[in-house]
Amino acid sequence: MKQYVGLDVSQKETAVCVVDEHGRLIFEGRARSDPGALARILAKKAPLAERVGFETGAMSSWLWHELKRIGLPVVCIDARHAHAVLSVRMNKSDENDARGLAELVRIGWYREVAVKSEASQQVRALLVARSRLVAIRRDLENQVRSMLKEYGLIFPRAIAGQFRRRVIELAGDEHVLWHVLLPLLSVHDHVCCKLEELDRQIREMARTDETTRRLMTVPGIGVVTALTFRHTIDDPSRFRSAASVGAYLGLTPRRRQSGDMDTIGHVSRWGDRLLRTYLFEAASVLLHRTKRWCALKAWGLRLAKRNGMKKAQVAVARKLAVILHCIWVDGTSFEWGKEPA
């Protein structure tokens, strides 16, 4: 008889529920949130497990890889989908959530999440760390700039080492704020050094990856954006068409339709926020800084005249996601085309 398992994972303990193919309860219990402990209890209580399901979360990727390596048929369920189903239960508890997840994987009414490979997770961790360091550097520069502005000291835009040199030229050792600015500039210098180290690693990764180099042929797409797209999508074959990549990244508008009402809203902003931000920046570079003509830029500028620049940038970002996916799948490079006479 087939068995289906639901796991409600928390940091210390995991609630385990096993049901048969008719929905009858076989086992309920708890185990440590450790792949070895979970494998032992499943081998004992659910040796004929057809599917083992749990929600997405902070530990879901690690748990999925470890249980998959053991040979268990694990599936990772979208947390939004699971929440919509589990919220109809009157009482919320770990045992009830595990029972609900077991019923979900039994009837098959769930949305499975594609878990990234371990290599992509490592690169993603590096990219997220770089993004955090960039935010810290920006916050430090804004803080120092605002403090100097209160004393009438204003200087043009500058970042990293050039920013520190201009602050030293303006304030100097004798300024009343120098003892306050010195620790901020010291932290700023350390952050910039670590950021340069991460940038060198990222450039080396892009140099050795043929797919990333082809993605960088698209105008506006740099090293960081190409590498982020490469390791956020991870497996392009999981999309049935390139058009669905824009929806996956939250770059398509919401729709609310019921009866006579049919409303098209703003973009959903679901999916990976970091990659969506980089694609929006790439669209801005393409529309404002790229000098060479291409059909994508011409289309974006026409759209900007009709609907505004911000909407045009979102549309171009969605187009860039589609183009990047096609280049990845086809093994080609970006074609600029010829400007019509």
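Our structure's up above, just so we're on the same page.
The shown structure was predicted, so the numbers you read here are calculated from the model rather than taken from an experiment.

A.B. asks: Give me the lowdown on the sheet that holds strand β2 (residues 13–20), citing residues and values where you can.
C.D. replies: The strand order across the open sheet built from five strands is β3-β2-β1-β4-β5, with neighbouring strands paired in mixed fashion. Either end of the sheet is taken by a strand with one partner, and the two such strands are β3 (25–32) and β5 (74–77). The average undirected angle you get between the axes of adjacent strands in this sheet is 20°. Running over the sheet, helix α2 (residues 60–70) touches β1 (3–9), β4 (49–55) and β5 and is turned about 165° from β5.

A.B. asks: Now, about the side chain of K297: what can you tell me, with residues and values included?
C.D. replies: Assignment of secondary structure puts K297 in helix α12 (residues 295–307). With a relative accessible area of 14%, K297 lands in the buried category. Sequence-distant contacts of K297, defined by excluding residues within four places in its chain, comprise L286, L287, T290, K291 and R292.

A.B. asks: Give a description of the packing of helix α5 (residues 118–149) against helix α7 (residues 178–208) that names residues and reports values.
C.D. replies: Axis separation between α5 and α7 bottoms out at 9 Å; the angle between their running directions is 150°. If you check the angle between α5 and α7, you find them roughly antiparallel. Here the hand of the crossing between α5 and α7 comes out left-handed. Considered class by class, the residues forming the contact of α5 with α7 number 21 nonpolar, three polar and five charged.

A.B. asks: So what about the pattern of salt bridges? Which residues, and what values?
C.D. replies: Throughout the structure, instances matching the rule amount to 18 salt bridges. For the salt bridge of R230 with D209, the shortest nitrogen-to-oxygen distance reads 3.2 Å. Taken together, the residues span a long stretch of sequence, with R230 in helix α9 (residues 223–233) and D209 in the loop between α7 and α8 (210–215) at a distance of 21 residues. With respect to class, R230 is no different from D209; both count as buried. In the salt-bridge network here, residues are joined through shared partners; they are E13, R30, D94 and E95.

A.B. asks: Could you give me a rundown of the pairing of β3, with the residues and numbers involved?
C.D. replies: Relative to β3, β2 runs antiparallel, the two being bridged by seven bridges. Residue pairing in the sheet places V19 in a bridge with L25 of β3. Hairpin connection from β2 to β3: four residues lie between these consecutive antiparallel strands, with G23 at a positive phi of about 90°.

A.B. asks: Give me the packing of aromatic side chains: which residues, what numbers.
C.D. replies: Applying the stated criterion to the full structure yields three aromatic pairs. Between F239 and Y248, the aromatic rings sit 5.1 Å apart at their centres with planes inclined by 75°, giving edge-to-face as the arrangement. On the basis of relative accessible area, F239 is assigned to the buried category, the value being 11%. The ring of W270 has R80 sitting right over it, with the charged end atom 3.9 Å from the ring centre. The ring of W299 carries K319 above its face, with NZ or CZ at 5.0 Å from the centroid.

A.B. asks: Tell me about the environment of K45, and name the residues and values.
C.D. replies: Position of K45 relative to the elements: it lies in helix α1 (residues 35–45). Sequence separation between K45 and E28 is 17 residues, and the spatial gap between their C-alpha atoms is 9.4 Å. In this structure, K45 is in contact with Q3, V18, I26 and F27, ignoring residues within four places of it in sequence.

A.B. asks: Outline the environment of A282, listing residues and values.
C.D. replies: Structurally, A282 can be placed in helix α11 (residues 273–288). Under the relative-accessibility criterion, A282 is labelled buried at 1%. When the C-alpha atoms of A282 and G222 are compared, they prove to be 7.9 Å apart, with 60 residues separating the residues in sequence. If near-sequence neighbours (up to four positions away) are discounted, A282 is found in contact with G220, I221 and L320.

A.B. asks: Describe in detail α9, supporting the description with residues and values.
C.D. replies: Summarising burial for α9: 10 of the 11 residues are buried, a large majority. Along α9, the positions that sit buried rather than exposed are V224, T225, A226, L227, T228, F229, R230, H231, T232 and I233. Close packing links the buried residues of α9 with α5, α7, α8, α10 (244–248), α11 and α13 (309–330).

A.B. asks: Describe the pairing of β1, listing the residues and the values that go with them.
C.D. replies: Among the seven residues of β1, six are classified as buried, and the element is accordingly described as predominantly covered. Looking at chain direction, β1 and β2 are connected through seven bridges and run antiparallel. When the sheet's bridge partners are listed, V5 is paired in β2 with V18. If you look at the hairpin formed by β1 and β2, you'll find three residues sitting between the two strands. The pairing of β1 with β4 spans five bridges and is parallel. For G6, the partnering residue across the bridge sits in β4 and is G53.

About the cut-offs
- Residues numbered from 1 in each chain as written.
- Predicted model: local features only at pLDDT ≥ 70, side-chain atom pairs only at ≥ 80, totals over all residues.
- Heavy atoms only, no water.
- Pairing = 2+ DSSP bridges.
- Helix = DSSP H or I, 4+ residues; strand = E, 2+ residues; numbered from the N terminus.
- Axes fitted to C-alpha atoms, helices over the stretch in contact; angles between N-to-C directions.
- Contact = heavy atoms within 4.5 Å.
- Buried < 20%, exposed > 50% of the residue type's maximum accessible area, 1.4 Å probe, protein only.
- Parallel < 35°, antiparallel > 145°, perpendicular 65-115°, else oblique.
- Left-handed = near helix turned anticlockwise from the far one by under 90°.
- Nonpolar A, V, L, I, M, F, W, Y, C, P; charged D, E, K, R; others polar.
- Salt bridge = Lys/Arg side-chain N within 4 Å of Asp/Glu carboxyl O.
- Phe/Tyr/Trp six-rings, centres within 6.5 Å; stacked < 30°, edge-to-face > 60°.
- Lys NZ or Arg CZ within 6 Å of the ring centre and 35° of its normal.

Remember, this is a structural readout, not a statement about activity or role.
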